[in-house]
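Understanding the architecture of this molecule
Below are the chains, spelled out letter by letter.
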Amino acid sequence: MQAESALAMAMSDEGLSFRHRASVAGQTADFWVSGNRGFSLAVLCTDKGRAGADAMRRRGIMTYELTDRALAEGPRKCARAIVEILNGRE
């Protein structure tokens, strides 16, 4: 998916560490993203990824669901939002 590729590039540009299509709590997250303060979260940006969000949350996994509207505003903006969640405002 083009949006996933663009988001991956934007997250790399923001210095985030991530795995694409990672298994999280028995579900497949679009991205498993780690911050520099020891926190990680599942980033869900596709319908298939979002389908497992409830199961992840029930297992205590922090999730961040990106809607099509958020992705349309630009992957860089989404990546910066993820940085703020994981690392705080720096």
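Here, every reference points to the structure presented above.
Residues numbered from 1 in each chain as written. Predicted model: local features only at pLDDT ≥ 70, side-chain atom pairs only at ≥ 80, totals over all residues. Heavy atoms only, no water.

1. What about the overall build of the chain?
The number of helices and strands found in the chain is five helices and four strands. Seen in sequence order, the chain has helices and strands lined up from the N terminus as α-β-β-β-α-α-β-α-α. By the compact-globule yardstick of 12 Å for 90 residues, the chain fits well, its C-alpha radius of gyration being 12 Å. In terms of principal-axis extent, the alpha carbons of the chain reach across some 30 × 30 × 20 Å. Split into buried and exposed, the 90 residues of the chain put 39% on the buried side. For the chain, the share of sequence-separated contacts (at least 6 apart) that also reach a separation of at least 24 residues comes to 42%. Element-wise, carbon and sulfur atoms account for 46% of the exposed surface of the chain, whose accessible area totals about 5300 Å². (Helix = DSSP H or I, 4+ residues; strand = E, 2+ residues; numbered from the N terminus. Rg over C-alpha atoms; globule rule 2.2 N^0.38 Å. Buried < 20%, exposed > 50% of the residue type's maximum accessible area, 1.4 Å probe, protein only. Contact = heavy atoms within 4.5 Å. Areas by Shrake-Rupley, 256 points an atom, 1.4 Å probe, with all protein chains shown as cover.)

2. Focus on helix H1 (residues 2–13)
Taking 1.5 Å as the rise per residue, H1 with twelve residues should run 16 Å; its terminal C-alpha atoms sit 17 Å apart, in good agreement. Residues of H1 that are buried include every one of Glu4, Leu7, Ala8, Ala10 and Met11, and no others. Considered in projection along H1, the buried side chains sweep an arc of 165° and stay on one side of the axis. Opposite the packed face of H1, turned more than 90 degrees from it, sit the exposed residues Gln2, Met9 and Asp13. Buried residues along H1 sit against strand E1 (17–24), strand E2 (27–34), strand E3 (40–44), helix H4 (68–72) and helix H5 (75–87). Phi turns positive, to about 80°, at Gly15, one or two residues after H1. (Expected span 1.5 Å × (residues − 1). Arc of directions from axis to C-beta.)

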